[in-house]
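Chain by chain, the residues run as shown.
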Amino acid sequence: MSEMPRVVVLAGGVGGSKFVLGVRGALRARGWDEDTTSVLTVVVNTGDDLWLSGVRLQPDVDSVTYALAGVNDSGRGWGRQGDTERVNHELQAWGSGWPWFTLGDLDLGTHLARTGWLRDGLTPTAVLERMSHRWDLGARLLPMTDSEVDTMVELEDGGRLHFQEWWTRHRATLAPARFHNPGIDRATPAPGVLDAIAAADAVLVAPSNPVVSIGPILAVPGMREALAAASARVVGVSPIIGGKVVRGMADVCLTAIGVETSAAAVAAHYGSRDAGGLLDAWLIAQEDEAAAAEVAGLGIRPLVTPLWMTDAAHSTALAETALGAAGV
Ligand code: FO1
């Protein structure tokens with residue numbers, strides 16, 4: 001391809017951010033002069049979003065933004081590098097928010113700015129567009145939808161709580177029966193999402209949580225149809241390496257929806273595009289090489305490649321392999 005390919009990435013938080021950094025790196029490494037912002041669109045999960053202490057939090061949107069800006073706390077996996085917690089202590093003293101949930105001072109600046117603009121009547125898409133101008137992100141970020149569709153967890157014991165409480169307070173230890181996003185049936189993809197998918201030369205599915213990160217994106221009405229109709233190939237990256245989740249508690253989410261924690265089972269969960277599913281190709285780790293035949297049997301092209309994104313160079317190499325699998 002002689003022109004810069006147009007790439008759409010579907011992404012959640014930590015795995016999504018590292019992968020998007022890699023895609024930006026791979027596009028930049030190809031040596032075009034063009035700013036990658038015009039060709040790289042990231043559709044970000046907003047199912048993790050919540051209202052807390054009067055502000056709107058968008059954890060996955062912020063993780064991707066901060067990572068592309070180079071201001072993320074990469075050790076912790078969320079929030080800003082070198083953040084402090086003065087305001088958080090004050091909020092705790094007032095009994096505001098959740099005692100187990102930290103709102104960093106710099107991070108709160110983001111939430112306050114966002115909430116102010118939402119209160120002024122801007123849509124989440126317009127807010128994110130405005131926020132993207134602060135740094136040279138090299139990507140256009142779009143929320144999956146402008147509707148508020150926060151993820152709720154219904155427990156085996158009949159209880160029901162916000163995903164963030166289940167994840168951060170209980171560390172996914174309460175047995176989940178179901179995850180759902182109230183109102184998602186009436187949501188529509190954010191402006192620009194469907195056009196970006198239709199115009200894409202490659203659609204990449206980041207190695208994010210298949211249930212609570214990629215799941216909500218695919219659940220927005222119209223999204224699956226757009227992906228099925230895309231002229232680009234859809235290439236996914238397994239979030240499972242050596243039969244284990246890389247980080248977080250995605251295995252608990254997978255078990256809850258009856259999917260085994262394996263590269264082949266997640267591929268089967270997404271399904272082959274030829275059979276009405278999502279994927280044309282699936283990148284699996286060398287540790288999971290034995291799963292390649294099973295993936296091929298699903299009608300999905302397996303590609304065995306190193307998946308550990310331990311640094312920028314590895315993320316870029318992985319993204320380059322994914323772009324190659326998409327034929328660009
Ligand atoms: N994760 C935690 O484990 N503890 C926290 O106190 C916490 C605060 C927090 C604040 C803002 C933000 O954007 C994310 C935050 N996260 C925190 C991460 C987040 O809860 C989850 O890891 C993701 O939503 C799951 O992808």
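For every chain, the first residue of its written sequence is number 1, and the numbers climb from 1 along that sequence. Where totals are concerned, whole chains, interfaces and linings use all residues; where local detail is concerned, this predicted model gives features only for residues with pLDDT of at least 70, and gives and counts side-chain atom pairs only at 80 or more. The side-chain quantities take in all heavy atoms of the structure and omit both hydrogens and water.

**A short note on empty space enclosed by the protein**
No. 1: Only protein atoms enter the 1 Å grid used here. Points where a 1.4 Å probe fits but cannot escape make up a cavity, open sets with protein on both sides within 12 Å along at least five of seven lines make up a pocket, and a residue lines them when an atom lies within 4 Å of a point. Grid points are joined across faces, edges and corners, and a volume is the space filled by probe spheres set on the points. Applying the stated criterion to the full structure yields 1 cavity of 30 Å³ or more.
No. 2: Considered as a void within the structure, the largest cavity measures approximately 30 Å³ in volume.
No. 3: Around the largest cavity, the lining residues are Leu 52, Ser 53, Asn 88, Leu 91, Gln 92, Ser 96, Gly 97, Trp 98, Phe 101 and Leu 103.
No. 4: Here the element with the most residues in the lining of the largest cavity is helix α3 (residues 86–94); it accounts for 3 residues.
No. 5: Gly is placed with the polar residues, together with every amino acid not listed as nonpolar (Ala, Val, Leu, Ile, Met, Phe, Trp, Tyr, Cys and Pro) or charged (Asp, Glu, Lys and Arg). Looking at the lining of the largest cavity residue by residue, the class counts come to 5 nonpolar, 5 polar and no charged. Here a strand is any run of E in DSSP of at least two residues, a helix any run of H or I of at least four, and the numbering for each starts at the N terminus.

**A look at the sheet that holds strand β9 (residues 202–205)**
No. 1: Strands are treated as partners if at least two bridges between them are detected by DSSP. Spatial ordering of the open sheet is given by β5-β2-β1-β9-β10-β13-β14, a layout of 7 strands whose pairing is parallel. Both outer strands of the open sheet, β5 (140–143) and β14 (301–304), are each paired with one neighbouring strand and no more. Across the sheet, the axes of successive neighbouring strands diverge by a mean angle of 20°, strand direction being ignored.
No. 2: As defined by bridge partners, strand β1 (residues 7–11) adjoins β9 across 4 bridges and the pair is classed as parallel. Each residue of the ladder has a partner; that of Val 7, found in β9, is Ala 202.
No. 3: This element, helix α11 (residues 263–270), spans β9 and β13 (281–284) of the sheet and lies at about 160° to β13. Lines fitted to C-alpha atoms define the axes, with helix axes restricted to the stretch in contact, and inter-axis angles between N-to-C directions lie between 0 and 180 degrees. Note on contacts: a residue pair qualifies if any of its non-hydrogen atoms lie within 4.5 Å across the two residues.

**Re the site of the ligand**
No. 1: For the ligand, the full set of nearby residues is Asp 48, Pro 59, Asp 60, Trp 78, Trp 100, Phe 101, Thr 102, Asp 107, Gln 164, Trp 167, Thr 168 and Arg 171.
No. 2: Polar contacts here mean pairs of N or O atoms no more than 3.5 Å apart (in protein, one a potential hydrogen donor and the other a potential acceptor; neighbouring residues in sequence count only if both atoms are side-chain atoms). Contact distances for the ligand include 3.4 Å between an oxygen atom and a side-chain N or O atom of Trp 167.
No. 3: Measuring from an oxygen atom of the ligand, one finds a side-chain N or O atom of Arg 171 at 2.8 Å.
No. 4: Calculation of accessible area relied on Shrake-Rupley with a 1.4 Å probe; when residues are assessed, cover is drawn exclusively from the protein chains displayed. For the ligand, whose accessible area on its own is 530 Å², the fraction buried by protein is 88%.
No. 5: In this scheme, a molecule is assigned to a cavity or pocket if more than half of its atoms are within 2 Å of the grid points. Among the detected pockets, the ligand sits in the largest pocket. Residues are counted as near a molecule or strand when any one of their heavy atoms sits within 4 Å of it.

**Concerning the packing of helix α1 (residues 14–29) against helix α13 (residues 312–325)**
No. 1: The geometry of α1 relative to α13 is characterised by a closest axis approach of 7 Å and an angle of 75° between their N-to-C directions. When the interaxial angle is binned, α1 and α13 end up roughly perpendicular. Within the contact between the two elements, α1 uses Lys 18, Phe 19, Gly 22, Val 23, Gly 25, Ala 26 and Leu 27 and α13 uses Ser 315, Thr 316, Leu 318, Ala 319, Glu 320, Ala 322 and Leu 323.
No. 2: Broken down by class, the residue content of the contact of α1 with α13 amounts to 8 nonpolar, 4 polar and 2 charged. The cut-offs work like this: below 35 degrees is roughly parallel, past 145 is roughly antiparallel, 65 to 115 is roughly perpendicular, and the gaps in between are oblique.

**A word on the pattern of salt bridges**
No. 1: Salt bridges are counted wherever a side-chain nitrogen of Lys or Arg sits within 4 Å of a carboxyl oxygen of Asp or Glu. Taken as a whole and judged by the stated rule, the model has 9 salt bridges.
No. 2: When the shortest N-O distance is used, the salt bridge between Asp 62 and Arg 114 registers 2.9 Å. Taken together, the residues Asp 62 in helix α2 (residues 59–69) and Arg 114 in helix α4 (residues 105–119) connect sequence positions 52 residues apart. With respect to burial, Asp 62 and Arg 114 carry one shared label: buried.
No. 3: Arg 273 is paired through a salt bridge with Asp 280; the nearest N and O atoms lie 2.9 Å apart. For every residue, the accessible area (1.4 Å probe, protein chains only) is compared with the maximum for its type, and the residue is labelled buried under 20%, exposed over 50%, or partly exposed between those bounds.

**Description of the sheet that holds strand β6 (residues 152–155)**
No. 1: Read across the open sheet, the 3 strands follow the order β7-β6-β8; overall the sheet is antiparallel. For this open sheet the edge positions go to β7 (160–162) and β8 (176–180), each flanked by a neighbour on one side alone. Strand-to-strand twist across the sheet, computed as the mean angle between neighbouring axes with direction ignored, equals 25°.
No. 2: Note that β6 and β7 share 3 bridges and pair antiparallel. For Val 153, the partnering residue across the bridge sits in β7 and is Leu 161.

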